[in-house]
Amino acid sequence: MAEKENEKRKGAIKRRDMLKVFSAVPAAALVPLGAAVAAPQKTRGSASAGAASGYKRKAFNDHEWETINALSDLIIPADERSSSATQAGVPEFIDDWLDFRGGRLKAEILGGLTWLDLECNRVFSHDFIDSTSAQQKKILDRIAYPDKASAEDLNYVAFFNHLRDLVVGGFFSSKEGVKDLPYQGNQMVASWEGCPSNVLAQIEKNLQTKGVALSLASDKTSA
């Protein structure tokens with residue numbers, strides 16, 4: 001029992017350190033979470049994917065790992081276009097990044113996960129991962145929308161902002177995330193015909209909105 005408890009706490013930030021971090025972190029301007037939280041789903045099963053693949057965690061303990069998996073899929077769930085955040089390996093990305101960066105970011109993310117459990121236990125008598133989808137949504141709604149957040153939640157808004165950045169950054173730098181983007185680069189071409197005229201026209205249009213008159217099409221012709 002003692003070993004299990006020690007393992008659960010291994011690598012965790014002391015609550016006193018967590019509160020120091022939160023008291024020092026200013027609230028940031030955030031991007032709305034959107035439909036990801038509007039339709040939350042519990043994803044406990046996803047947490048076993050990393051273990052099944054043989055991935056060895058560095059920053060998260062078992063409980064934190066399960067929570068970060070659930071949060072990742074709440075932020076980017078699977079849809080008709082692409083896989084979910086956990087299927088794209090986002091939790092592993094976050095774990096690697098926090099282990100590499102360490103310091104304040106790691107303390108803030110781990111502290112935020114601890115706060116989620118503390119707040120869910122205070123309100124619902126469950127950890128976040130054991131709360132219902134409606135309860136998870138209720139807690140996340142408090143910290144996902146900065147314009148609506150109360151003053152006492154602003155530091156936790158900052159935590160969620162950074163977590164969301166990590167999830168989105170991890171997903172769209174993954175193979176699955178790149179496929180989800182309408183990006184046509186990184187493809188072999190037999191010959192280079194130059195930038196397409198419609199793209200040049202759009203660039204010219206964008207420059208004109210900034211007060212820059214530049215004829216790229218004529219430059220291409222003269223070249």
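Residues numbered from 1 in each chain as written. Predicted model: local features only at pLDDT ≥ 70, side-chain atom pairs only at ≥ 80, totals over all residues. Heavy atoms only, no water.

Description of the packing of helix H7 (residues 103–124) against helix H9 (residues 154–172)
Relative to each other, H7 and H9 sit at 115 degrees, their axes nearing to 9 Å. Judged by the inter-axis angle, H7 sits roughly perpendicular to H9. Relative to H9, the crossing made by H7 is left-handed. Across from Leu105, Glu108, Ile109, Gly112, Leu113, Trp115 and Leu116 in H7, the residues of H9 making contact are Tyr156, Ala158, Phe159, His162, Leu163 and Leu166. Classifying every residue of the contact of H7 with H9 gives 10 nonpolar, two polar and one charged. (Axes fitted to C-alpha atoms, helices over the stretch in contact; angles between N-to-C directions. Helix = DSSP H or I, 4+ residues; strand = E, 2+ residues; numbered from the N terminus. Parallel < 35°, antiparallel > 145°, perpendicular 65-115°, else oblique. Left-handed = near helix turned anticlockwise from the far one by under 90°. Contact = heavy atoms within 4.5 Å. Nonpolar A, V, L, I, M, F, W, Y, C, P; charged D, E, K, R; others polar.)

Section: the packing of helix H6 (residues 90–101) against H7
Put simply, H6 and H7 touch, their axes get as near as 7 Å, and they point 135 degrees apart. Put simply, H6 runs oblique to H7. Between H6 and H7 lies a crossing of left-handed hand. Taken together, the residues of H7 that come into contact with H6 (itself represented by Trp97, Leu98 and Arg101) are Gly103, Leu105, Lys106 and Ile109.

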